[in-house]
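Structural features, examined
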Amino acid sequence: MSETETTQEAAAKRGWFARMREGLSRSSSRLSEGITGIFTKRRLDDATLEELEELLIAADLGVTTAAELTATLRRNRFNQEVTPEEVRAALAEEIAKILEPVAEPFELDPAKKPQVMLVVGVNGSGKTTTIGKLAKALREEGKSVMLAAGDTFRAAAVEQLKIWGDRTGAPVIARETGADAAGLAYDALVEAQRAGVDLLLIDTAGRLHNKADLMAGLSKIIRVLRKVDETAPHDCLLVLDATTGQNAHQQVEVFREITNVTGLVVTKLDGTARGGVLVALAEKFKLPVHAIGVGEGADDLRPFEARTFARSLMGLDS
Amino acid sequence: MFENLSNRLGEVFDRLRKRGALSEADVDAALREVRVALLEADVALPVVKDFVAGVKEKAVGEQVVKSVTPGQMVVKIVHDHLVETLGAESKGVNLNAPAPVPVLMLGLQGSGKTTSTAKIALRLKTRDKRKVLMASLDTRRPAAQEQLAILGIQADVPTLPIVPGEPPVAIARRAMQTARLEGYDVVMLDTAGRLHVDDELMGEVAAVRDAVKPVESLLVADAMTGQDAVNVAKSFNERVGLTGIMLTRIDGDARGGAALSMRAVTGCPIKLLGVGEKLDALEDFHPDRVAGRILGMGDVVSLVEKAAETIEQEEAEKLAARMQKGQFDLNDLAQQLKQLQKMGGLGGVMGMLPGIGKMQKQLAGAKLDDKLLGRQQAIISSMTKIERRKPELIKASRKQRIAAGSGTTVQEVNKLLKQHQEMGRMMKQMNKLGKKGLMRHGLGGLMPR
Ligand SMILES: Nc1nc2c(ncn2[C@@H]2O[C@H](COP(=O)(O)OP(=O)(O)OP(=O)(O)O)[C@@H](O)[C@H]2O)c(=O)[nH]1
Ligand SMILES: Nc1nc2c(ncn2[C@@H]2O[C@H](COP(=O)(O)OP(=O)(O)OP(=O)(O)O)[C@@H](O)[C@H]2O)c(=O)[nH]1
Ligand SMILES: [Mg+2]
Ligand SMILES: [Mg+2]
């Protein structure tokens, strides 16, 4: 690798850490201001801990997780004189400890060709866009990617994915809207095998987890894929919107049961939503978080870094 | 698992069991539970605080009505305050302006703007007999304009022809111009999703507002939104000026606290609810129903009404008393099955409860369906009186007779008997465990299998 390339890469790397922090710091600025306000020259007492707990709740960590984290802080630091920096750092460490085990980038397994990834989630969470971003990233690594327009329900969903295919140079297997999604998935897998691509990304229609009939549709897609390759799908990515509150628990629970979710992507972290529910999800389900979405563009996908995420959430530099 | 507020409060007040006026201490204890319930429902923290303070003011010193428990009393005060805060029943989209009336649809990415635009257009066309034009100002998301065009075809509502490369403000102007020339009553303007902190894009939509002077600027927001709902609603209101809120994905099982958050910070009425992906899945906002949902009581109002209509109160009380004593015989089981059926079958009951998704799955797993209810009733009605009271009498030959009489099989008879036994055992256990036990095992545990 030439020197210029390395520098460029470093610049790019700084670039996206900075961007994620930028996004996250917007979301955490209020949080950290709050903490700074609370802790300036104060002892870590009950009132302080309670306010801290509330700040965590306001970041969507949920009542239980917020209480647990504050309890840990109480055990370790109660009655000590602490600076705001110290408290934030300590909390970030606690959060990072929870998140570290789930921070697992998505890796292609060269033994599987094609590797098949099904992308699922509730309506509008960012599935199609995430597929576009993943395709871009993998194409840049020199991998061949094929897309399957498995959302045969929503108006112009097929057209949307086709545009992503054009943008990223990935062929798109599609049928007309209203066609059978499982049949389309079947065709796509056969085609992906024939073309010998590295990865087949299958888009699916957004569906609410409490709709049994729609969830059964997902099971059907999986059953049909297994007729072509009994090990498929190798990955099932659940796309969660960071704006979502505690309902994310139910989403993960039900999607996991029905599709054997192998990993998560959290989108829209470029807003002020803090995505704090992820902390509770990591504790409860231990599903790998492969990446985060920080914008609508093809390059707005970032690896999920536990420490960066936790420290950024607390308004600290990494 | 979310426990519902009545259960939470039930526990608090079981310990108190006091009558008379609600003391400050009673109320404080209850309000701690209310706070947690609201936070679990995703009501934003600052809004929760104000709300709880409001309830406290109303509740302290309130006389507890004789026929209810203090817990029920507080639930009622909370519920009423919530209904009041959520605002009045929706009056729908305001069309009180000279035609063409511009309606601007706003919101974060993926919240449901385009779908909702078409839903409202369809309703205005069919119900209100208005001539509606739709236009997409979303020049950013891939295939966004095509999406609205296709929905227009589905709804049989015209859309403004797409001119590639035309910027949003120009599209909005052209839409208004077309509407004036062609005599449209309403112009629905769908916009690109944008973050409330995206200065440039917020500026763009403010420019659209200045260009068309919308009569309605509706914030379209997802009912699953968490604590961030306050920031989003506040920013959109400050920057663009909102006239109302539309909540989508009410057909999900989110508790929908965002409704209260957004209403509280903007003061804007919640006008409409999106209840599905299809274009007719649009409903008016009913504060009592959303309140019940936020409090985790499902559509308790409807459930209670329906139950009151169909279950004879005395029967229900007798049944409960027998259950508690562990004297639950097959007559009681038959009675229970009958009442279930009267309430619209299992589907009817389940549909009104919170956390339905999970329950429905449990039920599906248990192979429970309404046909089964009917067959089980048939089995019981083929038994003699004595058999129903003393199921232990039912041995092989009796089983054959019952199966033949009810058009079922001996296996099915066995199954029903076993299930009755299990229910009896479960009830004894539950009496030991108290209310918590029921929560943990869920309704499924009590149902025929
Ligand atoms: N700001 C931001 N917007 C995003 C991100 N990811 C997706 N979006 C936007 O969110 C909206 C919905 O994204 P889609 O990819 O269409 O979502 P989907 O899950 O495929 O939606 P359905 O197929 O309709 O269920 C689009 O406007 C996207 O541009 C993100 O990380 N940040
Ligand atoms: N279940 C359910 N899905 C809905 C509802 N409203 C919209 N959707 C779905 O949510 C997804 C996103 O809807 P869109 O109308 O494309 O959302 P949008 O706000 O226009 O999205 P962008 O333009 O990308 O910002 C689609 O899959 C819709 O079918 C609703 O009330 N219930
Ligand atoms: Mg999609
Ligand atoms: Mg749209």
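Keep in mind that what you see is a predicted model, and the values were worked out from it rather than measured. (Residues numbered from 1 in each chain as written. Chains lettered and ligands numbered in written order. Predicted model: local features only at pLDDT ≥ 70, side-chain atom pairs only at ≥ 80, totals over all residues.)

**Details of the overall build of chain A**
Along the backbone of chain A there are 11 helices and 10 strands. Across the 318 residues in chain A, those meeting the buried criterion constitute 53%. Partitioning the intrachain contacts of chain A with sequence separation of at least 6 by distance along the chain shows that 78% fall at a separation of at least 24. (Helix = DSSP H or I, 4+ residues; strand = E, 2+ residues; numbered from the N terminus. Buried ≥ 20, exposed ≤ 12 C-beta atoms within 10 Å, placed from the backbone. Contact = placed C-beta atoms within 7 Å.)

**A closer look at the confidence of the model for chain B**
All names here are of chain B. Mean pLDDT over chain B: 81, with 74% of residues reaching 70 or higher. Below pLDDT 50 for its whole length, residues 298-311 participates in 23 contacts with residues either more than four positions away or in separate chains. Every residue in residues 433-449 scores below 50 in pLDDT, and together they form 22 contacts with partners more than four places removed in sequence or on other chains. (pLDDT = per-residue confidence, 0-100.)

**Structural notes on the sheet that holds strand β5 (residues 244-248) of chain B**
All names here are of chain B. Taken in spatial order, the seven strands line up as β2-β3-β1-β4-β5-β6-β7 in an open sheet, and their pairing is mixed. The open sheet terminates on both sides in strands that have one partner only, identified here as β2 (132-136) and β7 (282-284). Averaged over all neighbouring strand pairs, the angle between strand axes comes to 25 degrees, with direction disregarded. With four bridges joining them, strand β1 (residues 101-106) and strand β4 (residues 216-222) adopt parallel strand pairing. Residue M105 lies in a different strand from β4, and its bridge partner there is L218. Where helix α6 (residues 144-155) meets the sheet, its contacts fall on β2 and β3 (186-190), and the angle it forms with β2 comes to roughly 160 degrees. (Pairing = 2+ DSSP bridges. Axes fitted to C-alpha atoms, helices over the stretch in contact; angles between N-to-C directions.)

**Focus: the packing of helix α5 (residues 113-126) of chain B against α6(B)**
Residue and element names in this part refer to chain B. One can describe the packing of α5 onto α6 by two numbers: an axis separation of 10 Å at closest approach and a directional angle of 25 degrees. By the angle between their directions, the pair α5 and α6 is classed as roughly parallel. The chirality of how α5 crosses α6 is right-handed. Facing T114, T117, A118, A121 and L122 of α5, the residues of α6 in contact are A144, Q147, L148, L151, G152 and A155. (Parallel < 35°, antiparallel > 145°, perpendicular 65-115°, else oblique. Left-handed = near helix turned anticlockwise from the far one by under 90°.)

**Regarding the site of ligand 1**
Around ligand 1, 25 residues are found, and the nearest of them are T129(A), G206(A), G293(A), Q109(B) and G110(B). Near ligand 1, the surrounding residues are drawn from chains A and B. Of the residues in the shell around ligand 1, the class split is three nonpolar, 14 polar and eight charged. (Near = placed C-beta within 6 Å. Nonpolar A, V, L, I, M, F, W, Y, C, P; charged D, E, K, R; others polar.)

**Some words on the sheet that holds strand β5 (residues 172-173) of chain A**
Residues and elements named next belong to chain A. Pairing within the open sheet is mixed, and its eight strands lie in the order β5-β4-β6-β3-β7-β8-β9-β10. This sheet does not close on itself; its edge strands, each paired only once, are β5 and β10 (301-303). Pairing of strand β3 (residues 115-120) with strand β7 (residues 235-241) involves four bridges; the strand directions are parallel. Looking across to β7, one finds that L118 is bridged to C236.

**A short note on helix α10 (residues 277-285) of chain A**
Each turn of an α-helix holds 3.6 residues, which means side chains three or four residues apart point in the same direction. All names here are of chain A. The set of residues buried in α10 consists of V277, L278, V279, A280, L281 and A282. Here the buried face of α10 lies against α3 (63-77), α4 (84-99), α9 (247-259), β8 (263-267) and β9 (289-293). Where α10 terminates, the next one or two residues include K286, which has phi positive at roughly 55 degrees.

**Comments concerning the nonpolar core**
Burial of nonpolar side chains together is a common tendency in soluble globular proteins. By size, the foremost hydrophobic cluster in this structure holds 190 residues, and its most contacted members are L147(A), L200(A), L201(A), V187(B) and L189(B). Not counting chain neighbours up to four residues away, the residues in contact with L201(A) comprise M117(A), V119(A), I131(A), L134(A), A135(A), V145(A) and L147(A). One finds I380(B), M383(B), I402(B) and V413(B) within the second-largest nonpolar core, a separate group that totals seven residues. (Core = buried A, V, L, I, M, F, W, Y, C linked by C-beta atoms within 7 Å.)

**Structural notes on the pairing of β1(B)**
Residues and elements named next belong to chain B. Taking burial as the measure, the six residues of β1 include six buried ones, the bulk of the element. The two faces of β1 match: V101, V103 and M105 on one face and P102, L104 and L106 on the other face are all buried. By the bridge criterion, five bridges tie β1 to β3 in an arrangement that is parallel. Across the sheet, V103 pairs through a bridge with M188, a residue of β3.

**Looking at the site of ligand 2**
Surrounding ligand 2, one finds 26 residues, the nearest of these being N123(A), G112(B), T114(B), G193(B) and G274(B). Each of chains A and B places residues next to ligand 2. The element that contributes the greatest number of residues to the shell around ligand 2 is α5(B), accounting for three residues. Across the shell around ligand 2, the residue classes break down as five nonpolar, 14 polar and seven charged.

**As for the packing of helix α9 (residues 229-239) of chain B against helix α10 (residues 258-266) of chain B**
Residue and element names in this part refer to chain B. Where α9 meets α10, the closest approach of the two axes is 8 Å, and the angle between their N-to-C directions is 35 degrees. Note on packing geometry: the crossing formed by α9 with α10 is right-handed. Where α9 approaches α10, its residues A229, V230, A233, K234 and N237 are matched on the opposing element by A258, S261, M262, V265 and T266. Split into classes, the residues belonging to the contact of α9 with α10 amount to six nonpolar, three polar and one charged.

**What to know about the interface of chain B and chain A**
At the junction of the two partners, chain B supplies 36 residues and chain A supplies 36 residues. Ranked by residue count, the leading element in the side of chain B that touches chain A is helix α16 (residues 356-365) of chain B, at five residues. Taken together, the residues of the side of chain B that touches chain A sort by class into 14 nonpolar, 12 polar and 10 charged.

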